[in-house]
Amino acid sequence: MALLQIAEPGQSPLPHQVKRSVGIDLGTTNSLVAAVRGGRASVLPDADGSVMLPSVVSYAGDTPEVGVHALSRAAEHPADTLVSVKRFMGRGLSDARDDAQRSHYQLVDSNEGMVRFVTSAGEVTPVEASAEILRTLRATAIDTLGGDIDGVVITV
């Protein structure tokens, strides 16, 4: 998919180089990935056909789970299932304590000045949990578009 083709004056723009670009909305509650296909923006579905990915990461198993599968673990593993992690982004322990008390999270401060969640898999920052969500959305885009992604715009 070519969003924009630019050629030097006097040179042919052919052959067109195909580049795959997507847009990601990293939301507090849900996230999604979209691309322009056939001149129209469309949200890309995952393997289950869903276009909305719950912004939830569970560290209860051997590997992190993201989305619907992670959300289903929230009741059984509330301290290991991180929901709405964006609310903790860039916040220290004293600033995030009230939000942590309303949830089941155990938080610790870090040297970076950012709070860390204590899970059974170890300590996790909000940035690391968000990276898991982005990895899942990237995989959805690669599977749907049939190749690696050359560019991305992320909105929060």
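Residues numbered from 1 in each chain as written. Predicted model: local features only at pLDDT ≥ 70, side-chain atom pairs only at ≥ 80, totals over all residues. Heavy atoms only, no water.

Peer 1: How should the overall build of the protein chain be read in this particular structure?
Peer 2: Scanning the protein chain from N- to C-terminus turns up 3 helices and 11 strands. Listing every helix and strand of the protein chain by position from the N terminus yields β-β-β-β-β-β-α-β-α-β-β-β-α-β. Counting the 156 residues in the protein chain, one finds 34% classified as buried. Sequence separation of at least 24 residues holds for 48% of the intrachain contacts in the protein chain that already meet a minimum separation of 6. Counting every atom, the protein chain has about 9200 Å² of accessible surface; 51% of that belongs to carbon and sulfur. (Helix = DSSP H or I, 4+ residues; strand = E, 2+ residues; numbered from the N terminus. Buried < 20%, exposed > 50% of the residue type's maximum accessible area, 1.4 Å probe, protein only. Contact = heavy atoms within 4.5 Å. Areas by Shrake-Rupley, 256 points an atom, 1.4 Å probe, with all protein chains shown as cover.)

Peer 1: Would you take a moment to explain the packing of aromatic side chains for this structure?
Peer 2: Here a ring pair, both rings aromatic, is described through the centre-centre distance and the interplanar angle of the planes. Tallied over the full model, the rule gives 3 aromatic pairs. Taken together, a centroid distance of 5.9 Å and an interplanar angle of 80° make the contact between Phe88 and Tyr105 edge-to-face. Taken together, the positions of Phe88 in the loop between strand 7 (81–83) and helix 2 (93–102) and Tyr105 in the loop between helix 2 and strand 8 (107–108) put the pair 17 residues apart, joining distant regions of the chain. Judged by relative accessible area, which is 3%, Phe88 ranks as buried. Look at Tyr105 and Phe117: their rings are 5.1 Å apart centre to centre, the planes differ by 75°, and that puts the pair in the edge-to-face class. One end of the pair, Tyr105, is in the loop between helix 2 and strand 8; the other, Phe117, is in strand 9 (residues 116–119), with 12 residues separating them in the sequence. By the burial criterion, Tyr105 is buried, and Phe117 matches it. A connected cluster of aromatic rings, assembled from ring pairs, spans Phe88, Tyr105 and Phe117. (Phe/Tyr/Trp six-rings, centres within 6.5 Å; stacked < 30°, edge-to-face > 60°.)

Peer 1: Can you help me understand the nonpolar core in this one?
Peer 2: A general tendency of soluble globular proteins is for nonpolar side chains to be buried together. Counting 26 residues, the largest nonpolar core has Val22, Leu82 and Leu107 as the members making the most contacts within it. For this core, the secondary structure elements donating two or more residues are strand 1 (21–25), strand 2 (30–37), helix 2 and helix 3 (126–145). In terms of residue count, the dominant contributor to this core is helix 3 (5 residues). Apart from residues no more than four positions distant in its own chain, Leu82 is found in contact with Ser55, Val56, Val57, Tyr59, Tyr105, Phe117, Val124 and Ala129. (Core = buried A, V, L, I, M, F, W, Y, C linked by side-chain atoms within 4.5 Å.)

Peer 1: Looking at this structure, how should I read the pairing of strand 1?
Peer 2: Residues in a regular strand project their side chains so that they alternate between the two faces of the sheet. Taking every second residue as pointing to the same face, the buried face of strand 1 carries Val22 and Ile24, while none of Ser21, Gly23 and Asp25 on the other face is buried. In this sheet, strand 11 (residues 151–155) lies alongside strand 1 in parallel orientation, the contact comprising 5 bridges. Within strand 11, the residue paired with Ser21 across the bridge is Gly151. By the bridge criterion, 3 bridges tie strand 1 to strand 2 in an arrangement that is antiparallel. Residue pairing for strand 2: Gly23 is matched across the bridge by Ala34. Here strand 1 folds back onto strand 2 in antiparallel fashion, the turn holding 4 residues. (Pairing = 2+ DSSP bridges.)

Peer 1: For this particular structure, what's the right way to read the pattern of salt bridges?
Peer 2: Two side chains that carry opposite charge are able to pair once their charged atoms sit near each other. Tallied over the entire structure, the rule returns 4 salt bridges. Between Arg116 and Glu123 there is a salt bridge whose closest N-O contact spans 4.0 Å. With a relative accessible area of 17%, Arg116 lands in the buried category. You can call Glu123 partly exposed: its relative accessible area is 46%. (Salt bridge = Lys/Arg side-chain N within 4 Å of Asp/Glu carboxyl O.)

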